[in-house]
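# Secondary and tertiary structure notes
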Amino acid sequence: MAYLGDTGQGATVKFIGNSIAMVRTMTLPDWTVDKIDASILTDTGFMRYVPGDLADPGELQLELVFDPAIDLLELAGCGETILIEWPINPCRSNTPNTIPATLTGTGFVSTISYGNLALNELNTMTLTFTYDGGVGPAFTVES
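In what follows, the accompanying structure is described. (Residues numbered from 1 in each chain as written. Predicted model: local features only at pLDDT ≥ 70, side-chain atom pairs only at ≥ 80, totals over all residues. Heavy atoms only, no water.)

Looking now at the nonpolar core. Judged by nonpolar contacts, the single largest core of 17 residues is most densely connected at Phe-15 and Leu-60. Of all the secondary-structure elements, those providing two or more residues to this core are strand 1 (12-15), strand 6 (59-65), strand 7 (79-85), strand 8 (102-113) and strand 9 (124-131). With four residues, the top contributor of residues to this core is strand 9. Excluding residues that lie within four positions of it along the chain, Leu-60 makes contacts with Val-13, Met-26, Thr-27, Leu-28, Ile-82, Ile-84, Leu-127, Thr-128, Phe-129 and Tyr-131. (Core = buried A, V, L, I, M, F, W, Y, C linked by side-chain atoms within 4.5 Å. Buried < 20%, exposed > 50% of the residue type's maximum accessible area, 1.4 Å probe, protein only. Helix = DSSP H or I, 4+ residues; strand = E, 2+ residues; numbered from the N terminus. Contact = heavy atoms within 4.5 Å.)

Below, the structure is given as structure tokens:
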């Protein structure tokens, strides 16, 4: 059977030592490198660019089921190490892998949004984790 991809079901996110329960969605970071204008006056047609020196480590956004028994505000602004772990896909090869893919890095919780309360809607909240570039973020492939 060919490997055709997977859903996010079974993925976990942990601040080292503390699991974050009831995660509905994770929006993974974009890693970007600035472009620097290197155009000169004699250029015609298109601008010239060179890459910046450093990549922006990005942010991780989590949508959580709201739990009034958990105070996530204590995480705001505090330095943390975060670990995202993907489930091992048993269809990847004839011999399934045993070590899951991970994304880990240091940073801090920069935004906590308690969301909306409404009839016939699940009460969710959003947490934004900003990678600080101190350690990682680093992606390790499943093996």
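Moving on: the side chain of Thr-124. Tracing the backbone shows Thr-124 in strand 9. Of the polar contacts made by the side chain of Thr-124, one reaches the side chain of Glu-63; its length is 3.4 Å. When near neighbours in sequence (up to four residues on either side) are disregarded, Thr-124 contacts Arg-24, Glu-63, Leu-64, Val-65, Phe-66, Tyr-114 and Gly-115. (Polar contact = N/O pair within 3.5 Å; in protein donor to acceptor, adjacent residues only side chain to side chain.)

On to the packing of aromatic side chains. Taken as a whole and judged by the stated rule, the model has four aromatic pairs. The interplanar angle of 75° and the centroid separation of 5.8 Å between the aromatic rings of Phe-66 and Tyr-114 together place this pair among those described as edge-to-face. Taken as a pair, Phe-66 in the loop between strand 6 and strand 7 and Tyr-114 in the loop between strand 8 and strand 9 lie far apart in primary sequence, 48 residues in all. Residue classification places Phe-66 among the partly exposed positions, given a relative accessible area of 25%. Taking the centre distance of 5.2 Å and the plane angle of 85° together, the rings of Phe-129 and Tyr-131 count as edge-to-face. (Phe/Tyr/Trp six-rings, centres within 6.5 Å; stacked < 30°, edge-to-face > 60°.)

When the charged atoms of two side chains with opposite charge come close together, those side chains can pair. For the structure shown, the criterion picks out two salt bridges. Linking Glu-63 and Arg-24 is a salt bridge whose minimum nitrogen-to-oxygen distance equals 3.9 Å. Here the residue Glu-63 occupies a position in strand 6, and Arg-24 occupies one in strand 3 (residues 23-27), the gap between them amounting to 39 residues. Of the residues examined, Glu-63 reaches a relative accessible area of 23% and is grouped as partly exposed. Two residues, Asp-43 and Arg-48, come together in a salt bridge whose shortest N-O distance is 2.8 Å. (Salt bridge = Lys/Arg side-chain N within 4 Å of Asp/Glu carboxyl O.)

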